[in-house]
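Chain by chain, the residues run as shown.
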Amino acid sequence: ARLDGLTGLLGRNQFFQAGENLLYSMKWDEPGKTGCFIILDVDHFKSINDQYGHPEGDRLLKEVAKSIQEVFGNRGIIGRLGGDEFVVLVHDQLTREEVEGLLNVLKDRLGKIRIQDERITCSVGVIPTEPEYTIDELYRGADRLLYEAKKKGKDQFAFGYRFQDMEMEKKSGTKDGPE
């Protein structure tokens, strides 16, 4: 049972095993760019299931998985942790703007998925990969950011740590730390 039966994505255990291996092979040599760990879940999924039924919820999850694969499939690995929670480990070195661009493409695609007249949205937590962090630490950090996005009103992205630092450096034109 390597793959999630509903979506065909990596299951939880397989994602974390593959993710840990992928982290060891990643590069961090492009200034201002990094890979990232993304966690997202579908906003109001429980009420969608309750209102429209589990078959409609399952259809929605399959379409969300397909959209994530179309946007991130060649850039990393994708998994479904369970329920409406999906994760992506992006191995490509990207800037925050590039990640935001990809997330906006995903947001547009998800917005085209409809359940009757309702547009599908998601909340997203994004944390950059760094060589000293394990896949579990990245997951915990991204999960905290996911809840930050939900607190801001859902249908949001919350970026963490080094992405925020890189953004501050770019705005100020300086770098902190030893030269």
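Residues numbered from 1 in each chain as written. Predicted model: local features only at pLDDT ≥ 70, side-chain atom pairs only at ≥ 80, totals over all residues. Heavy atoms only, no water.

Notes on the packing of aromatic side chains
Short version of the rule: For this analysis, a ring pair means two rings from Phe, Tyr or Trp (six-membered ring only for Trp) whose centres lie within 6.5 Å, classed as stacked if their planes differ by under 30 degrees, edge-to-face if by over 60, and tilted for the remaining angles. Under the DSSP-based scheme used, a helix requires at least four consecutive residues in state H or I and a strand at least two consecutive residues in state E, with every element numbered from the N terminus. Working rule: Lys NZ or Arg CZ, within 6 Å of ring centre, within 35 degrees of ring normal, means a charge sits over the ring.
Inspection of the entire model under this criterion finds four aromatic pairs. For the pair Phe15 and Phe37, a centre-to-centre distance of 6.0 Å together with 80° between the ring planes defines the contact as edge-to-face. Taken together, the residues span a long stretch of sequence, with Phe15 in helix H1 (residues 12–25) and Phe37 in strand S1 (residues 34–42) at a distance of 22 residues. Site record: aromatic cluster; members linked through ring pairs are Phe15, Phe16, Phe37 and Tyr139. Over the ring of Phe157 we find Lys107, and its NZ or CZ is 5.6 Å from the ring centre.

Concerning the confidence of the model for the protein chain
Do not read the fine detail of predicted coordinates wherever pLDDT is low. Spelled out, the test is: Scored between 0 and 100, pLDDT is the confidence that the predictor attaches to each residue. Only heavy atoms matter for contacts: two residues are in contact if any of them lie within 4.5 Å across the pair.
Predicted confidence across the protein chain gives a mean pLDDT of 88, with 89% of residues reaching 70 or more. Note on residues 174–179: pLDDT is under 50 here. Beyond four places in sequence and across chains, it has two contacts.

Examining the nonpolar core
In plain terms, the rule: The nonpolar core is taken to be a set of buried Ala, Val, Leu, Ile, Met, Phe, Trp, Tyr and Cys residues, with the residues joined through side-chain atoms within 4.5 Å. Throughout, exposure labels follow a simple rule: accessible area from a 1.4 Å probe, protein chains only, divided by the maximum for the residue type, with under 20% read as buried, over 50% as exposed, and the rest as partly exposed.
Grouped together as the largest cluster of nonpolar side chains are 32 residues, with contacts concentrated most on Ile38, Leu60, Ile68, Phe72 and Leu103. Here the element with the most residues in this core is helix H3 (residues 54–72); it accounts for seven residues. Formed by 21 residues, the second largest nonpolar core is a distinct cluster that contains Leu22, Met26, Phe37 and Tyr139.

Quick look at helix H5 (residues 135–151)
How we decide: What a helix should span is 1.5 Å times the count of its residues minus one.
The end-to-end C-alpha separation of H5 is 24 Å, in line with the 24 Å expected for 17 residues at 1.5 Å each. Summarising the contacts, the buried residues of H5 are in contact with H1, S1, strand S2 (76–82), strand S3 (85–94), strand S6 (122–128) and strand S7 (157–159). Positioned one or two residues after H5, Gly153 has a phi angle of 120°, which is positive.

Examining the environment of Phe86
Relative to the helices and strands, Phe86 is located in strand S3. Of the residues examined, Phe86 reaches a relative accessible area of 0% and is grouped as buried. Each C-alpha atom of the pair Phe86 and Leu40 lies 5.4 Å from the other, and the pair is 46 residues apart in sequence. When near neighbours in sequence (up to four residues on either side) are disregarded, Phe86 contacts Thr7, Leu9, Ile38, Ile39, Leu40, Leu61, Val64, Ala65, Ile68, Gly79 and Arg80.

Structural notes on the sheet that holds S7
Threshold: At least two DSSP bridges between two strands are needed for those strands to be called paired. Every angle, taken between N-to-C directions, lies between 0 and 180 degrees, and every axis is a line fitted to C-alpha atoms, over only the stretch in contact when it is a helix.
The five strands are arranged S2-S3-S1-S6-S7 in an open sheet whose pairing can be described as mixed. For this open sheet the edge positions go to S2 and S7, each flanked by a neighbour on one side alone. With strand direction ignored, the average angle separating the axes of adjacent strands in the sheet is 20°. Two strands pair when backbone bridges link them, and S6 and S7 are joined in this way by three bridges, in the parallel orientation. Bridge pairing in S7 links Val126 to Phe159.

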